[in-house]
Amino acid sequence: MSGFAIKRNGRPMNASTIRLSRVSKRYGRRRVLHDVSFEVDQSELCALVGANGAGKSTLIKIVLGLCEPSSGSVELFGGKSKKELSLMRTRVGYVPDSCGAYQSLSAAENLRIRCAEWGLDEKR
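Just so it is clear, the structure is predicted and the values come from calculations on it, not from any experiment. Within any chain, residue numbers begin from 1 and follow the written order of that chain's sequence. Reporting of local features is limited, given that this is a predicted model, to residues whose pLDDT is at least 70; pairs of side-chain atoms are given and counted only at 80 or more, and all residues count toward the totals for whole chains, interfaces and linings. The basis for every side-chain value is the complete set of non-hydrogen atoms in the structure, without hydrogens or water.

Novice: Can you walk me through the confidence of the model for the protein in this structure?
Specialist: Parts of the prediction with low pLDDT should not have their coordinates interpreted in detail. pLDDT is a residue-level measure of predictor confidence that goes from 0 to 100. Across the protein, the average pLDDT comes to 81, with 85% of residues at or above 70. Helix and strand assignments come from DSSP, with helices taken as H or I runs of at least 4 residues and strands as E runs of at least 2, each series counted from the N terminus. The secondary-structure element of the protein with the lowest mean pLDDT is strand β2 (residues 11-12), recorded at 52, while strand β5 (residues 71-76) shows the highest, at 93.

In structure tokens, the structure reads:
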């Protein structure tokens, strides 16, 4: 990707695509992540490797805004505020390892459950 540059208002942005600073996550008393800090630049490839339960999925969910960190900060494509992060996250694709559907239910039953979870009327 040589020659690729992200710009804001005509000026080159910081080269970091992802920057985490002292990110921690707790679920109740259980600490899942503790003071995670790292940077991934535009031209870098990064892999998260670790045992089951190490916090890889939680970290990705925090970067994607699907989960809030208990402490620390996330920067994505230079965006730091909630509004900027929301906009920058539209540039990211995510494919989870499972579809989240109940295998024992029909497609229509799964749809009804999702509509109820999201507060949508079945008739829409």
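On we go from here.
Novice: Is there a simple way to think about the nonpolar core in this case?
Specialist: One recurring pattern in soluble globular proteins: nonpolar side chains tend to sit buried together. Here, nonpolar core refers to any group of buried Ala, Val, Leu, Ile, Met, Phe, Trp, Tyr and Cys residues whose side-chain atoms link them within 4.5 Å. Residue burial is assigned from relative accessible area. The probe radius is 1.4 Å, only protein chains are included, and a residue is buried under 20% of its type maximum, exposed over 50%, and partly exposed in between. Counting residues in hydrophobic clusters, the biggest one holds 14 residues, and the most contacted among them are Leu20, Val23, Leu33, Leu59, Ile62, Val74 and Leu76. Secondary structure elements with two or more residues in this core: β3 (16-27), β4 (30-41), α1 (56-64), β5 and α2 (82-89). For this analysis, residues touch if any pair of their heavy atoms sits within 4.5 Å. Other than its neighbours up to four places away in sequence, leucine 59 contacts Leu20, Leu33, Val36, Phe38 and Leu48.

Novice: Help me understand the environment of arginine 31, please; the structure alone is not making it clear to me.
Specialist: Residue placement: arginine 31 occurs in strand β4. A C-alpha to C-alpha distance of 9.7 Å links arginine 31 and serine 70, two positions 39 residues apart in sequence. Setting aside residues up to four positions removed in sequence, arginine 31 forms contacts with Lys25 and Arg26. A distance of 3.3 Å separates a polar atom in the side chain of arginine 31 from a polar atom in the side chain of histidine 34. A 3.5 Å cut-off defines polar contacts: any pair of N or O atoms within that distance qualifies, except that in protein one atom must be a possible hydrogen donor and the other a possible acceptor, and neighbouring residues in sequence count only when both atoms are side-chain atoms.

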